[in-house]
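So you can see what is in the structure, the chains are spelled out below.
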Amino acid sequence: MSTLSKQEILFFKEEGYLVKRNVLDPRLMAYARERLWEAAPSQLKRDQLETWIGPFEEKCEDKMSSRSGYRWNYRQPGGEPWMIELLPKNPSVWHMAEQLLGKGTLHEPDRVRGIYCTLPYGDVPKKSSGCHVDGHPFHLGVVGYIDDVPPEGGGFMVWPKSHLKFYYDFHSQYRTEPTDQYEKDRAFFSQKTGVDCYGCAGDIIFWHHRIGHAAGHNYSCQIRQAVLYDFRKKDIEQTMEESPCLNMWRDWVGVENGT
């Protein structure tokens, strides 16, 4: 079972994210890919790579399988037991999350966000990426790749150390209540180059809930396929409306103690 070293916990504290390699179950990843292709629109042919290039020909506003432009968020299987076992209840993932937030403090997961895909951009000119901060209440995000994601392949992007600023740019710890400073800081960080967290099938990225991030542009030849989950502590209902703490790691037992 994978664990976090003191050095990795310190890296997460300072940078706001952490990549861990070869964590997810190959059997469940293979099943996730099968389910994804079973639900794919007729435009995409699994054995014809040229059909993978976006954008989608038709927009789909079904919340459980929304498609628009180059994005496909397949949420339908998010509440099925195998999906929960794939990511949050993977023994290593759960253990490492508890290392950061405290053993026995996490909500039991009932679903993950789903399988989020980005189609290849084809010959679209390259452009820079801007960052944002998620607004819904949670503590620790995790992204898991169920297939390889090469450099500039639409991987999860982060702006290191931005969590140290953005945390104080909200009126509360976990709710969507930005101050006027938020947009100023977002513009500042968006001018900088984010870190492209590319990797192989089975790799995961942990990220602080207030870090600036984005789904990277996909200039590769394959579809970016990722599963996402948001860890929440059991006491989030009581703490989410509190003002940002002087010690922003008060709710992170492992990070504060370096264990």
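Residues numbered from 1 in each chain as written. Predicted model: local features only at pLDDT ≥ 70, side-chain atom pairs only at ≥ 80, totals over all residues. Heavy atoms only, no water.

Trainee: Give a description of the overall build of the protein that names residues and reports values.
Mentor: Looking only at helices and strands, one finds eight helices and ten strands in the protein. Taking 259 residues into account, the globule formula puts the C-alpha radius of gyration at 18 Å, and the protein, at 18 Å, falls close to it. Across its three principal axes, the protein shows a C-alpha extent of roughly 55 × 40 × 35 Å. The proportion of buried residues among the 259 residues of the protein is 54%. In the protein, once contacts between residues fewer than 6 apart in sequence are set aside, the share between residues at least 24 apart is 82%. Summed over its atoms, the accessible surface of the protein is roughly 11,900 Å², and 51% of this surface lies on carbon and sulfur atoms. For the protein, the centre of its 32 positive side-chain charges and the centre of its 36 negative side-chain charges are spaced 2 Å apart. (Helix = DSSP H or I, 4+ residues; strand = E, 2+ residues; numbered from the N terminus. Rg over C-alpha atoms; globule rule 2.2 N^0.38 Å. Buried < 20%, exposed > 50% of the residue type's maximum accessible area, 1.4 Å probe, protein only. Contact = heavy atoms within 4.5 Å. Areas by Shrake-Rupley, 256 points an atom, 1.4 Å probe, with all protein chains shown as cover. Lys, Arg positive; Asp, Glu negative; His and termini not counted. Charge placed at Lys NZ, Arg CZ, Asp CG, Glu CD.)

Trainee: Which residues make up the pattern of salt bridges, and what values go with them?
Mentor: Counting across every chain of the model gives 18 salt bridges. With a shortest N-O distance of 2.8 Å, Glu242 and Arg250 are connected by a salt bridge. On the basis of relative accessible area, Glu242 is assigned to the partly exposed category, the value being 30%. On the basis of relative accessibility, which here comes to 36%, the residue Arg250 falls in the partly exposed class. One salt-bridge network, held together by shared partners, links Asp25, Arg27 and Glu85. (Salt bridge = Lys/Arg side-chain N within 4 Å of Asp/Glu carboxyl O.)

Trainee: Can you break down the sheet that holds strand E9 (residues 213-215) residue by residue, with the values?
Mentor: In any sheet, the strands associate via hydrogen bonds between backbone groups, in a parallel or an antiparallel arrangement. If you walk across this open sheet you meet the three strands as E7-E6-E9, and the pairing is antiparallel. The open sheet terminates on both sides in strands that have one partner only, identified here as strand E7 (195-197) and E9. Shown here is a sheet whose adjacent strand axes are inclined to one another by a mean of 25°, direction ignored. With three bridges joining them, strand E6 (residues 156-158) and E7 adopt antiparallel strand pairing. Looking at the pairing, Val158 lines up with Val195 of E7. (Pairing = 2+ DSSP bridges. Axes fitted to C-alpha atoms, helices over the stretch in contact; angles between N-to-C directions.)

Trainee: Outline the packing of aromatic side chains, listing residues and values.
Mentor: Taken as a whole and assessed by the stated rule, the structure comprises 19 aromatic pairs. With 5.4 Å between their ring centres and 75° between their planes, Tyr121 and Tyr219 make a pair best called edge-to-face. One end of the pair, Tyr121, is in the loop between strand E4 (114-118) and strand E5 (140-145); the other, Tyr219, is in the loop between E9 and strand E10 (224-231), with 98 residues separating them in the sequence. Assigned by exposure class, Tyr121 and Tyr219 land together as buried. Geometrically, the ring pair formed by Phe166 and Phe189 is tilted, given 5.4 Å between the ring centres and 50° between the ring planes. Of this pair, Phe166 sits in helix H5 (residues 163-166) while Phe189 sits in helix H6 (residues 180-190); the two residues are 23 residues apart in sequence, bridging distant segments of the chain. We note that Phe166, like Phe189, is buried. Linked through ring pairs, Phe166, Phe170, Tyr182, Phe188 and Phe189 together constitute an aromatic cluster. Taking NZ or CZ as reference, Lys126 lies 5.5 Å from the ring centre of Tyr219, over its face. (Phe/Tyr/Trp six-rings, centres within 6.5 Å; stacked < 30°, edge-to-face > 60°. Lys NZ or Arg CZ within 6 Å of the ring centre and 35° of its normal.)

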